[in-house]
Structure formats: C-alpha cells, structure tokens
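Below are the chains, spelled out letter by letter.
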Amino acid sequence: MSTPRQLSARVDADLAKHIETLAPTGLSYSEIVKRAVAEFAKIYSVAVENKVAAPHEIPRLIAYKYELPPRWQPPRTGAIDLPRLKSPKE
C-alpha cells in the first residue's frame with residue numbers, strides 16, 4: 001500500500017464537534033488529525049502486539065492514564081527552618 005501525500009475526509013457533524021473540542025489546544029486542523037491518527041495507531045498496535053485484538057479487529061480503549069507537561073514554578077528564595085532531629089545519642 002502506497003501512502004498518499006495528502007488525505008481528505010468529509011467533515012460531518014461529529015467530526016466538526018470533535019475538532020471544535022480540540023480547538024482550545026491551539027493545534028491546526030492538520031495537527032489535530034495527525035495526532036488523532038497517531039493515538040489510534042498506538043492503541044491498535046499495542047492491542048495487537050499484546051494479543052488483545054486480532055489484526056483485523058479495532059480495539060476499543062476503556063481506560064486512560066494522563067500525563068501533563070510540567071508546569072512552570074516560580075523560583076524559590078529564602079531560608080527554611082527545618083526541625084531539629086534528635087540523634088540516637090540524645
């Protein structure tokens with residue numbers, strides 16, 4: 001199978017709603033579609049590799065685990081008073 005340089009899909013009401021949901025991310029329509037296909041491919045390949053689904057089956061994802069990028073933290077300055085710990089000899 002030869003991979004086409006460009007793809008097109010008819011935008012129906014469901015696809016328009018999904019794209020609108022992802023609009024606040026700031027991604028272009030093209031990037032939204034690319035990331036969606038990448039996630040679908042990952043879900044499919046992991047399911048097939050782990051023999052959860054046969055190659056002709058489309059697995060349905062039923063659980064999610066999220067990882068967000070680290071958030072900026074303001075620099076910390078100043079001194080901290082740590083509690084004095086007693087040594088075993090005290």
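Values in this document were obtained by computation on a predicted structure and should not be read as measured data.

Asks: For this particular structure, what's the right way to read the overall build of the chain?
Replies: Per the secondary structure count, the chain includes 2 helices and 0 strands. In terms of overall size, the chain is more extended than a compact globule, its C-alpha atoms giving a radius of gyration of 24 Å where 90 residues would be expected to give roughly 12 Å. Viewed in the frame of its principal axes, the chain has a C-alpha envelope of about 75 × 35 × 25 Å. Every one of the 90 residues in the chain was classed for burial, and the buried ones make up 6%. A total accessible area of about 9,800 Å² is found for the chain, and carbon and sulfur atoms account for 58% of it.

Asks: Teacher, can you tell me more about the pattern of salt bridges here?
Replies: A side chain of one charge can pair with a side chain of the opposite charge if their charged atoms are brought near each other. In the structure shown here, the tally under the stated rule is 2 salt bridges. With a closest N to O distance of 3.4 Å, Glu-31 and Arg-35 form a salt bridge. Taken together, the residues span about one helical turn, with Glu-31 and Arg-35 both in helix 2 (residues 29–49) at a distance of 4 residues. Glu-31 sits in the partly exposed class, given a relative accessible area of 28%. Look at Arg-35 and you get partly exposed, because its relative accessible area is 48%. A salt bridge links Glu-39 to Lys-42; the shortest N-O distance between them is 3.5 Å.

Asks: Could you clarify how one ought to interpret the layout of surface pockets in this entry?
Replies: It is the rolling of a water-molecule-sized probe over the atoms that shows where space remains empty. Of the pockets and cavities examined, the largest pocket occupies roughly 1,500 Å³. Forming the walls of the largest pocket are 34 residues, and the residues nearest its centre are Ile-32, Arg-35, Ala-36, Val-37 and Glu-39. Looking at the lining of the largest pocket, the elements with two or more residues in it are helix 1 (13–22) and helix 2. Considering every element that reaches the lining of the largest pocket, the biggest residue donor is helix 2, with 13 residues. Along the lines of polarity and charge, the residues of the lining of the largest pocket split into 22 nonpolar, 5 polar and 7 charged.

Asks: Mind showing me how you'd approach the environment of Tyr-44 here?
Replies: For Tyr-44, the position within the fold is in helix 2. Residues Tyr-44 and Ala-79 lie 35 residues apart in sequence; the distance between their C-alpha atoms is 52 Å. Beyond its immediate chain neighbours, meaning those up to four positions away, Tyr-44 contacts Pro-55, Glu-57 and Pro-59.

Asks: Quick question: what am I supposed to make of unusual backbone geometry here?
Replies: In terms of backbone geometry, most residues other than glycine have negative phi values and most peptide bonds are trans. Even without a glycine there, the phi angle at Lys-51 is positive, about 60°. Along the chain, Lys-51 falls in the segment after helix 2.

Asks: Quick question: what am I supposed to make of the packing of aromatic side chains here?
Replies: Two descriptors summarise a pair of aromatic rings, namely the distance from one centre to the other and the angle between the planes of the rings. Going through the model one piece at a time under the given rule, you end up with 1 aromatic pair. Between Tyr-64 and Tyr-66, the aromatic rings sit 6.2 Å apart at their centres with planes inclined by 10°, giving stacked as the arrangement. Overall, the relative accessible area of 69% leaves Tyr-66 in the exposed class.

Parameters at a glance
- Residues numbered from 1 in each chain as written.
- Predicted model: local features only at pLDDT ≥ 70, side-chain atom pairs only at ≥ 80, totals over all residues.
- Heavy atoms only, no water.
- Helix = DSSP H or I, 4+ residues; strand = E, 2+ residues; numbered from the N terminus.
- Rg over C-alpha atoms; globule rule 2.2 N^0.38 Å.
- Buried < 20%, exposed > 50% of the residue type's maximum accessible area, 1.4 Å probe, protein only.
- Areas by Shrake-Rupley, 256 points an atom, 1.4 Å probe, with all protein chains shown as cover.
- Salt bridge = Lys/Arg side-chain N within 4 Å of Asp/Glu carboxyl O.
- 1 Å grid on protein atoms, 1.4 Å probe; cavity = no way out; pocket = protein on both sides within 12 Å on 5 of 7 lines; lining within 4 Å.
- Points joined across faces, edges and corners; volume = space filled by probe spheres on them.
- Nonpolar A, V, L, I, M, F, W, Y, C, P; charged D, E, K, R; others polar.
- Contact = heavy atoms within 4.5 Å.
- Phe/Tyr/Trp six-rings, centres within 6.5 Å; stacked < 30°, edge-to-face > 60°.

Read these as geometric descriptors, not functional statements.
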